[in-house]
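Architecture at a glance
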Amino acid sequence: MGKAKKRGFRRGDLDDFFKLSREDALKEVVKLLKENDNNAFSLITLFGLSAEELLEAGADYEDVVKMGCMLK
């Protein structure tokens, strides 16, 4: 975890994400991808989600391919 993210957690800026587990983040990203919401990118980068994890969680292949450079 980077310095800025640690600082944000300590200050309470990222309280919503702090309460979010990795499994919940996967479900939320899949839901946001189906809605074509750009907030999915922030969750993907915050949790370091991989393409394989998203596909196993139920994301559409086309949506995952569109984000090729964002995913590991």
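Below you will find a few notes about this structure. Keep in mind that this is a model prediction, so the values were computed, not measured.

Conventions adopted
Residues numbered from 1 in each chain as written. Predicted model: local features only at pLDDT ≥ 70, side-chain atom pairs only at ≥ 80, totals over all residues. Heavy atoms only, no water. Helix = DSSP H or I, 4+ residues; strand = E, 2+ residues; numbered from the N terminus. Buried < 20%, exposed > 50% of the residue type's maximum accessible area, 1.4 Å probe, protein only. Contact = heavy atoms within 4.5 Å. Areas by Shrake-Rupley, 256 points an atom, 1.4 Å probe, with all protein chains shown as cover. Salt bridge = Lys/Arg side-chain N within 4 Å of Asp/Glu carboxyl O. Expected span 1.5 Å × (residues − 1). Axes fitted to C-alpha atoms, helices over the stretch in contact; angles between N-to-C directions. Parallel < 35°, antiparallel > 145°, perpendicular 65-115°, else oblique. Left-handed = near helix turned anticlockwise from the far one by under 90°. Nonpolar A, V, L, I, M, F, W, Y, C, P; charged D, E, K, R; others polar.

Section: the overall build of the protein
Tallying secondary structure elements over the protein gives 6 helices and 0 strands in all. Buried residues in the protein amount to 28% of all 72 residues. Partitioning the intrachain contacts of the protein with sequence separation of at least 6 by distance along the chain shows that 47% fall at a separation of at least 24. As presented, the protein carries roughly 5,100 Å² of accessible surface, and 50% of it is formed by carbon and sulfur atoms.

Examining the pattern of salt bridges
Opposite charge on two side chains allows them to pair when their charged atoms are near. Under the definition given, this model contains 3 salt bridges. Among the ionic pairs, Lys66 bridges to Asp63, the shortest N-O distance being 3.4 Å. Of this pair, Lys66 and Asp63 are both found in helix 6 (residues 61-66), 3 residues apart, which corresponds to roughly one turn of the helix.

Let's talk about helix 3 (residues 22-34)
With 13 residues, helix 3 extends 19 Å between its outermost C-alpha atoms, agreeing within 8% with the 18 Å of an ideal straight helix rising 1.5 Å per residue. The elements touched by buried residues of helix 3 are helix 4 (39-47), helix 5 (51-57) and helix 6. One or two residues past the end of helix 3 sits Asn36, with phi positive at roughly 55 degrees.

Overview of the packing of helix 3 against helix 4
Where helix 3 contacts helix 4, the two axes come as close as 9 Å, and the packing angle between them is 155 degrees. Taken together, helix 3 and helix 4 sit at an angle that is classed as roughly antiparallel. With respect to the hand of their crossing, helix 3 and helix 4 are arranged in left-handed fashion. Here Arg22, Ala25, Glu28, Val29, Leu32 and Leu33 of helix 3 lie close against helix 4, whose contacting residues are Asn39, Ala40, Leu43, Ile44 and Phe47. When its residues are assigned to classes, the contact of helix 3 with helix 4 shows 8 nonpolar, 1 polar and 2 charged.

Read these as spatial facts, not as claims about activity.
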